Amino acid sequence: GTTADAVCMYAEMLHEVLINRGVPLSDLTGRSEAGYAAVQDALSNTDFEGVQGQVKFVPGEADPKGAVIIQQLQPGGVFLDVASYKHPVLTFLGNG
């Protein structure tokens, strides 16, 4: 889930920067200030429905906010869903 969302986030960023904004690939590969600023701006405006729910950056935070299921490993190697988190709400599921 999170891997798919991360790949999608980077694909959307590259499309925004290279195609929509027309930033030359050499600005990214050359690590220019303009390329860096375009990438940062595109990532900060990330907002899409991913595998794990809404993927969106909250202003002033480094990580995108998404949905998470918190699990507990039970005897016998079985995972039990204990809680869910979708920014900013933590919900206990009554298990565990």
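Residues numbered from 1 in each chain as written. Predicted model: local features only at pLDDT ≥ 70, side-chain atom pairs only at ≥ 80, totals over all residues. Heavy atoms only, no water.

## A few points about the side chain of Thr46
For step 1, the next point in the chain: Looking at where Thr46 falls in the secondary structure, it is placed in the loop between helix 3 (33-44) and strand 1 (47-50).
For step 2, the next point in the chain: Residue classification places Thr46 among the buried positions, given a relative accessible area of 7%.
For step 3, the next point in the chain: In this structure the side chain of Thr46 is engaged in a polar contact, spanning 2.8 Å, whose partner is the backbone oxygen of Leu43.
For step 4, the next point in the chain: When near neighbours in sequence (up to four residues on either side) are disregarded, Thr46 contacts Met9, Val55, Lys56 and Phe57. (Helix = DSSP H or I, 4+ residues; strand = E, 2+ residues; numbered from the N terminus. Buried < 20%, exposed > 50% of the residue type's maximum accessible area, 1.4 Å probe, protein only. Polar contact = N/O pair within 3.5 Å; in protein donor to acceptor, adjacent residues only side chain to side chain. Contact = heavy atoms within 4.5 Å.)

## Digging into helix 1 (residues 2-20)
For step 1, the next point in the chain: With 19 residues, helix 1 extends 25 Å from end C-alpha to end C-alpha; this agrees with the ideal 27 Å at 1.5 Å per step.
For step 2, the next point in the chain: Listing the buried residues of helix 1 in full gives Asp5, Met9, Met13 and Val17. Looking straight down helix 1, one finds its buried side chains confined to an arc of 95 degrees; they lie on one side. With respect to the buried face of helix 1, the exposed residues turned more than 90 degrees away are Thr3, Val7 and Ile19. (Expected span 1.5 Å × (residues − 1). Arc of directions from axis to C-beta.)

## What to know about the environment of Gln40
For step 1, the next point in the chain: Secondary-structure assignment places Gln40 in helix 3.
For step 2, the next point in the chain: Among the residues examined, Gln40 registers a relative accessible area of 37% and is labelled partly exposed.
For step 3, the next point in the chain: For the pair formed by Gln40 and Met13, sequence separation is 27 residues and the distance between their alpha carbons is 9.0 Å.

## A short note on the pairing of strand 5 (residues 78-86)
For step 1, the next point in the chain: Where strand 5 and strand 6 (residues 89-92) come together, 4 bridges link them in antiparallel fashion. Residue pairing across strands places Ala83 opposite Phe92, the latter belonging to strand 6.
For step 2, the next point in the chain: Hairpin remark: strand 5 followed by strand 6, antiparallel, with 2 residues in the connecting loop. (Pairing = 2+ DSSP bridges.)

## Details of unusual backbone geometry
For step 1, the next point in the chain: In the Ramachandran plot, Arg31 falls in the positive-phi region, its phi being about 55 degrees despite a non-glycine side chain.
For step 2, the next point in the chain: Within the secondary structure, Arg31 is located in the loop between helix 2 (25-29) and helix 3.
For step 3, the next point in the chain: The class of Arg31 is exposed, set by a relative accessible area of 76%.

## Re the confidence of the model for the protein
For step 1, the next point in the chain: With 90% of its residues at a pLDDT of 70 or more, the protein has an overall mean of 85.
For step 2, the next point in the chain: At the level of individual helices and strands, the protein shows its lowest average pLDDT in strand 3 (residues 64-65), which scores 66, and its highest in helix 2, which scores 93. (pLDDT = per-residue confidence, 0-100.)

## Observations concerning the nonpolar core
For step 1, the next point in the chain: The biggest cluster of nonpolar side chains holds 12 residues, and these are Met9, Met13, Val17, Val23, Leu28, Ala38, Val39, Ala42, Leu43, Phe48, Val55 and Phe57.
For step 2, the next point in the chain: Mapped onto this core, the elements with two or more residues apiece are helix 1, helix 3 and strand 2 (53-57).
For step 3, the next point in the chain: In terms of residues, this core owes the most to one element, helix 3, which gives 4 residues.
For step 4, the next point in the chain: Beyond its immediate chain neighbours, meaning those up to four positions away, Val23 contacts Val17, Leu18, Gly35 and Ala38. (Core = buried A, V, L, I, M, F, W, Y, C linked by side-chain atoms within 4.5 Å.)

## Focus: the pattern of salt bridges
For step 1, the next point in the chain: Overall, the coordinates contain 3 salt bridges when judged by the stated rule.
For step 2, the next point in the chain: Between Arg21 and Glu16 there is a salt bridge, and its shortest N-O distance comes to 2.9 Å.
For step 3, the next point in the chain: Accessibility expressed as a relative area gives 35% for Arg21, which makes it partly exposed.
For step 4, the next point in the chain: A salt bridge links Asp47 to Lys56; the nearest nitrogen and oxygen atoms lie 3.9 Å apart.
For step 5, the next point in the chain: Of the residues examined, Lys56 reaches a relative accessible area of 42% and is grouped as partly exposed.
For step 6, the next point in the chain: Members of the salt-bridge network, linked through shared partners, are Glu16, Arg21 and Asp41. (Salt bridge = Lys/Arg side-chain N within 4 Å of Asp/Glu carboxyl O.)

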